[in-house]
Amino acid sequence: MIPGQSGFLSDLKTDLMKWRLQRFGPRPKLWHLRCRTVVPHRWEGPNTLRMGSYGPDGRLDPETALFRRYHPRKKHQLGQAYNEIATNSPRIASAVFAGPLFPAFGHFLLESLARLWAVDRFPDRPILWSVGPGAKQDSLHPWMRDILDLLGVTNPILMINSPIIVDELIVPAPGYEIQYRFGAHHFRFLGKVNHKPEPNRKLWLSRAGVEEAENTGRTALEESLTQRGWEVMRPETMTIRDQMEALSCAERIAGEQGSALHSLILLRRPKRLRLDVFARDPALDGHAINANQHTICARLGIDYRLHRMAEESVEARKGTRVTKTYGPPEAYLNRLD
């Protein structure tokens, strides 16, 4: 060996490891668990979700719990043992653990897909999603299937509503943790739609079909937006592919805070894209505002701007639902300009 070569190679290896960490983030974790019982999930109160897989000793595998961390000082592990696990459950040889199948669009997109970044390594293994015990849902909704098709996922799908034993359970670490973390490896997996912005093409994502009866002043706002060259889009009336085709051609996107805006997570490295989001409740600030859009935009490099409209008046609140009156259209147009 040439004198000094050992130190040079060691330094080179260290530099490569640093470059990889900066470029791609930490190496994603993947566990292979043997002889595990996977159970359906069920909510037991607003912050307790019974779910996950269990070893022969009956203990919960923490790798299969659902983590939600809305604030750096708060950590929620949503997964506890069932009181009883059937020992005579059906048995399969192998599966990729995907966690709970959430029927809400936003939670499906961000949490039910969070472990699928690894499925291309195991194309013949079924994806195992849990639904609630006794749930009648035995197939994916069409829009869920459309998203999987867009992502190129062809694995068999297995949805369980009662305990099942898996000889080899493949458990990818979640690539997305709502509001808090979006892993680089998952970003590469989800980014399947090329961004090809057309000059001056501006999209407003409307919630009119979702909350028509709960808001006043929206019609006047959307008419004013149309007059200023904005296209008003109602995502719930469109297929996933049509939605993504529209989003991929936009130079500007705006709308009221909502899960339809999370679809941007499927874009591949968007260029010069600006997103204006108007808070659903203008009185909320700080950590009370859902941070998912900020997390997504920070990873994708989108110019994200959040607006709280003092001109709005809130009539009532129920959970995340808000009954309010919009301000004058010019107030929103000024923010967009």
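Being a predicted model, the structure only gives us computed values, none of them experimental.

Right, let's get into the pairing of strand β2 (residues 49-54). For β2, the tally of buried residues reaches five of six residues, placing the bulk of the element in the interior. The sheet contact formed by strand β1 (residues 30-43) and β2 spans five bridges and is antiparallel. Note that in β2 the partner of Arg42 across the bridge is Arg50.

The next thing to look at is the packing of helix α6 (residues 218-227) against helix α9 (residues 329-336). Interaxial distance between α6 and α9 falls to 9 Å at its minimum, and their mutual angle equals 45 degrees. On the basis of the axis angle, α6 is oblique to α9. The chirality of how α6 crosses α9 is right-handed. In this structure, α6 uses Ala220, Leu221, Ser224 and Leu225 to contact α9, whose residues at the interface are Pro329, Tyr332, Leu333 and Leu336. Counted by class, the contact of α6 with α9 contains seven nonpolar, one polar and no charged residues.

For the protein, mean pLDDT is 86; residues scoring 70 or higher make up 82% of the total. Of all secondary-structure elements in the protein, the lowest mean pLDDT belongs to strand β4 (residues 74-78), at 46, while strand β11 (residues 193-194) reaches the highest, 98.

Leu113, Leu116, Trp129, Ile253, Ile265 and Leu275 are the most contacted members of the largest nonpolar core, which totals 55 residues. If one sorts the elements of this core by residue count, helix α3 (residues 142-151) sits on top with five residues. Grouped together as the second largest cluster of nonpolar side chains are 14 residues, Phe102, Ile160, Val166 and Val171 included.

Okay, the pairing of strand β8 (residues 164-172) next. Consecutive residues of a regular strand have side chains that alternate between opposite faces of the sheet. Counting buried positions along β8 yields eight of nine residues, so the element is predominantly enclosed. The pairing of β1 with β8 spans eight bridges and is antiparallel. The partner of Leu30 across the bridge, within β8, is Pro172. The sheet contact formed by strand β5 (residues 91-100) and β8 spans five bridges and is parallel. Across the sheet, residue Val96 finds its bridge partner in β8, namely Ile170.

Parameters and conventions
Residues numbered from 1 in each chain as written. Predicted model: local features only at pLDDT ≥ 70, side-chain atom pairs only at ≥ 80, totals over all residues. Heavy atoms only, no water. Buried < 20%, exposed > 50% of the residue type's maximum accessible area, 1.4 Å probe, protein only. Helix = DSSP H or I, 4+ residues; strand = E, 2+ residues; numbered from the N terminus. Pairing = 2+ DSSP bridges. Axes fitted to C-alpha atoms, helices over the stretch in contact; angles between N-to-C directions. Parallel < 35°, antiparallel > 145°, perpendicular 65-115°, else oblique. Left-handed = near helix turned anticlockwise from the far one by under 90°. Contact = heavy atoms within 4.5 Å. Nonpolar A, V, L, I, M, F, W, Y, C, P; charged D, E, K, R; others polar. pLDDT = per-residue confidence, 0-100. Core = buried A, V, L, I, M, F, W, Y, C linked by side-chain atoms within 4.5 Å.

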